[in-house]
Structures are given as structure tokens and as C-alpha cells.
Amino acid sequence: SSRAWLGRYYDNFSGVNLSITSKAGRNLTVKGLIESYTVTPQYSYSFEGESTYKSTEIGLALNYSFREESEVIFFGKRVKIDTGKPSFQFSYRRGLQGLLNSDFLYNKIQISFSQTFYTTSVGTTSYKFEGGIVDKPLPAGLLFTGFGSKAKNYPVFITGFFQTMNPNDFFS
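Residues numbered from 1 in each chain as written. Predicted model: local features only at pLDDT ≥ 70, side-chain atom pairs only at ≥ 80, totals over all residues. Heavy atoms only, no water.

> I'm lost on the nonpolar core in this one. Help?
Nonpolar side chains in soluble globular proteins tend to end up buried together. With ten residues, the main nonpolar core is built from Tyr-37, Val-39, Phe-47, Tyr-53, Phe-104, Tyr-106, Val-134, Leu-138, Leu-142 and Phe-144. Setting aside chain neighbours within four positions, we find Tyr-106 in contact with Tyr-37, Ser-55, Glu-57, Arg-93, Arg-94, Gly-95, Asp-135, Lys-136, Leu-138 and Leu-142. (Core = buried A, V, L, I, M, F, W, Y, C linked by side-chain atoms within 4.5 Å. Buried < 20%, exposed > 50% of the residue type's maximum accessible area, 1.4 Å probe, protein only. Contact = heavy atoms within 4.5 Å.)

> In this structure, what is going on with the sheet that holds strand S1 (residues 11-23)? I would like to understand it.
Hydrogen bonds along the backbone pair up the strands of a sheet, which may run parallel or antiparallel. Sheet architecture is open: six strands sit in the order S1-S2-S3-S6-S7-S8, paired in antiparallel fashion. Edge positions in the sheet fall to S1 and strand S8 (123-134), since each of these pairs with one other strand and no more. Adjacent strand axes in the sheet meet at a mean angle of 15°, parallel and antiparallel pairs treated alike. The pairing of strand S2 (residues 28-41) with strand S3 (residues 53-65) spans twelve bridges and is classified as antiparallel. Bridge pairing in S3 links Leu-28 to Tyr-64. (Pairing = 2+ DSSP bridges. Helix = DSSP H or I, 4+ residues; strand = E, 2+ residues; numbered from the N terminus. Axes fitted to C-alpha atoms, helices over the stretch in contact; angles between N-to-C directions.)

> Just checking my understanding: could you explain the packing of aromatic side chains for this structure?
What characterises a pair of aromatic rings is the spacing of the ring centres plus the angle enclosed by the ring planes. Per the counting criterion, the structure on display carries six aromatic pairs. With a centroid separation of 5.2 Å and 50° between ring planes, the pair formed by Phe-13 and Tyr-37 is classed as tilted. In this pair, Phe-13 is assigned in strand S1 and Tyr-37 in strand S2, connecting sequence segments 24 residues apart. Residue Phe-13 is classed as partly exposed on the basis of its relative accessible area of 42%. For the ring pair Phe-47 and Phe-104, a centre distance of 5.8 Å and an interplane angle of 70° mean the geometry is edge-to-face. Here Phe-104 lies in the loop between strand S6 (87-95) and strand S7 (106-119) and Phe-47 lies in the loop between S2 and S3, a separation of 57 residues in the sequence. The class of Phe-47 is buried, set by a relative accessible area of 15%. Classification of Phe-104 as buried rests on a relative accessible area of 10%. A network of ring pairs unites the aromatic residues Phe-47, Tyr-53 and Phe-104 as a single cluster. (Phe/Tyr/Trp six-rings, centres within 6.5 Å; stacked < 30°, edge-to-face > 60°.)

All quantities given are derived from atomic positions and should not be read as evidence of function.
Written out as C-alpha cells, the structure is:
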């Protein structure tokens with residue numbers, strides 16, 4: 001099956017997290033989190049001689065949506081209605097070595113800018129610019145990855161993924 005084929009590139013994450021999200025203004029959403037997890041790659045991989053590792057992180061994420069206009073409650077969940085206005089995201093995570101047996105101390109920063117809009121002659125257009133930095137060497141599962149979805153026998157299009165790249169072909 002395609003799931004089994006793609007699954008050979010997955011990491012098995014098991015752990016706990018706690019997050020709090022709040023609307024800090026008309027256009028700003030703030031999220032704080034702490035999470036601890038164990039990672040076991042499902043493929044042949046080791047980092048500094050270890051194949052399984054633990055990470056505990058605290059983090060802060062900000063999402064600013066320019067002139068955000070609409071949110072609706074759908075099946076008990078708040079869902080943002082896409083207004084065609086751009087959105088800016090910022091995320092900071094700090095790995096806490098030693099806390100809950102975490103193996104790594106690091107800082108990870110990620111920013112992105114995205115927009116989806118509709119034009120009559122083209123239809124729906126989406127774009128996203130994304131970048132980030134990690135300040136220490138880390139196992140591949142904690143780095144940024146290019147989202148690959150190439151499956152020669154099962155050609156599908158997945159929004160936001162590279163159709164010409166296998167899963168986990170690129171880490172930075």
C-alpha cells in the first residue's frame with residue numbers, strides 16, 4: 001500500500017504536550033506550549049550513536065492575519081474563513097536538555113508568510129514563504145524538512161508538498 005511505502009520514512013513520536021492559545025487582539029493569535037516526546041525513526045538512522053532520542057521543548061507561536069475578518073464555529077471548533085488577506089507566522093522553540101530526560105539544548109526559530117486568494121480567470125491561488133534556523137546540530141527528526149510526497153506508483157497532488165521529492169529527502 002502507499003501508506004506502508006511512505007511509512008518507511010516516518011519517525012515514531014510518542015509523548016505529551018500542553019498548549020494554550022489566546023486571541024491577543026483582533027488580528028493576533030498567541031500560543032504557548034510545552035511538550036516532551038521520544039522519537040524512534042522507522043528507518044536506519046542514528047545521531048551520535050543513538051537511534052532513539054528524547055526532546056522537551058517550550059515554545060511561543062504568533063500568528064498575525066492582516067485585517068482578519070471572519071471566524072465561525074463549526075462542530076465546536078473555531079474555523080478561520082479565508083479572507084484573501086496575508087498572514088504572518090512566527091514560532092520560537094527552546095529545547096531543554098535534562099528536563100524530563102531531554103537529550104538536547106537548542107533554539108529553533110521559524111517564520112512564514114502566506115496568502116490564499118481567488119481571481120476569476122485563474123481560480124484559487126496560494127503561496128507561502130517559509131524559513132527558519134536551528135542553532136545546534138540535532139537529529140534529522142528535529143530539523144526542518146522539505147515536505148516530499150513523491151510516490152511513483154500513486155501519483156497524487158498534496159498542497160504544500162513537493163511532488164518531485166521523496167519524504168525526508170531534505171533536512172536543514
